[in-house]
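Tertiary structure, described
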Amino acid sequence: MASSVQICNQAMAKLGAQRITDLLDDTRNARVLNAIYDIKRDAELAAHPWTFAITRAKIPASSTAPSFGWAYAYPLPSDCLRLVEVGEAFADYDPAGFEVEGGAILTDNASPLSIRYVQRVTNSGLYPPLFVESFACRLAAETAEELTQNLSKREAAWAERKQAIAEARRTNAIERPPQRSQPTSWERALMGL
């Protein structure tokens, strides 16, 4: 899989900009990329439910309950970039049964709370090719104006990223079984829920 330098050089190639040999190089391109790399990596991970970055956890409740409205507060894991699901089974998942506030999940569900979330993955060797492509496009788009003063290259990079995300969605559709949609309040009433 790709290294962080390879990902950055893929972005530079999209811009027609000078490649780097290390993120810590004392070159303009390396300094610009190094300044945004971690932030934009996390943004790209959080932007899409990448299957390689989804993990499961059972988290304990905080010893301090919310002041009102909910019985329990569950601090989100430190590597959580995006919450995907709360509860162990589809029947348990109720979007109205929790909310995220102040870095914690507030709910009436007793401890431990089962969750699925997109985690921060810093090892670029674990990135699948479509994530690498999408991330390189984001880096290219985010640095295009500063490095090339060319807005059309920025727009082209965002368009390429959109295509990479569409391809990733198709791949995810193949890798994951169909996800059932949450029943509407009318359907729940019919089922006596």
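Residues numbered from 1 in each chain as written. Predicted model: local features only at pLDDT ≥ 70, side-chain atom pairs only at ≥ 80, totals over all residues. Heavy atoms only, no water.

Points about helix α1 (residues 4-15)
In plain terms, the rule: Secondary structure elements are defined from DSSP: runs of H or I of at least 4 residues count as helices, runs of E of at least 2 residues count as strands, and each element is numbered from the N terminus. Expected helix span is computed as 1.5 Å times (number of residues minus one). Only protein chains enter the accessibility calculation, which uses a 1.4 Å probe. A residue is then buried if its area is under 20% of the maximum for its type, exposed if over 50%, and partly exposed in between.
Here α1 is twelve residues long and its end C-alpha atoms lie 17 Å apart, about the 16 Å a rise of 1.5 Å per residue gives. All of the buried residues in α1 are Val5, Ile7, Cys8, Asn9, Ala11, Met12 and Leu15. Gly16 sits one or two residues past α1 and shows a positive phi near 70°.

Quick notes on the packing of aromatic side chains
The condition is simple: Side-chain rings of Phe, Tyr and Trp, where Trp is taken by its six-membered ring, are said to pair if the distance between their centres is within 6.5 Å; with planes under 30 degrees apart they count as stacked, over 60 as edge-to-face, and otherwise as tilted.
Enumeration over the complete set of coordinates arrives at eight aromatic pairs. An angle of 55° between the planes, with centres 6.5 Å apart, marks the rings of Trp50 and Phe52 as tilted. By relative accessible area, Phe52 is classed as partly exposed at 23%. Each ring, one from Trp50 and one from Phe131, has its centre 5.1 Å from the other, and the planes form 85°; the classification is edge-to-face. Note that Trp50 is positioned in the loop between α2 (28-47) and β1 (54-59) and Phe131 in helix α3 (residues 129-148), a separation of 81 residues in sequence. Summarising the burial analysis for this pair, Trp50 and Phe131 share the class buried.

Description of the side chain of Ser114
Selection rule: When checking whether two residues touch, look at their non-hydrogen atoms; a contact exists if any pair is within 4.5 Å.
Within the element layout of this structure, Ser114 appears in strand β6 (residues 113-119). You can call Ser114 buried: its relative accessible area is 9%. Residues within four places of Ser114 in sequence aside, it is in contact with Ala57, Lys58, Glu85, Val86, Gly87 and Glu88.

A few points about the pattern of salt bridges
Short version of the rule: For salt bridges, the criterion is a side-chain nitrogen of Lys or Arg within 4 Å of an Asp or Glu carboxyl oxygen.
Here the structure, examined in full by the defined rule, presents ten salt bridges. Residue Asp42 is joined to Arg41 by a salt bridge in which the shortest nitrogen-to-oxygen separation is 3.0 Å. Across the pair, exposure class does not vary: Asp42 and Arg41 are buried alike. Beyond isolated ion pairs, a larger network of salt bridges with shared partners links Asp38, Arg41, Asp42 and Arg120.

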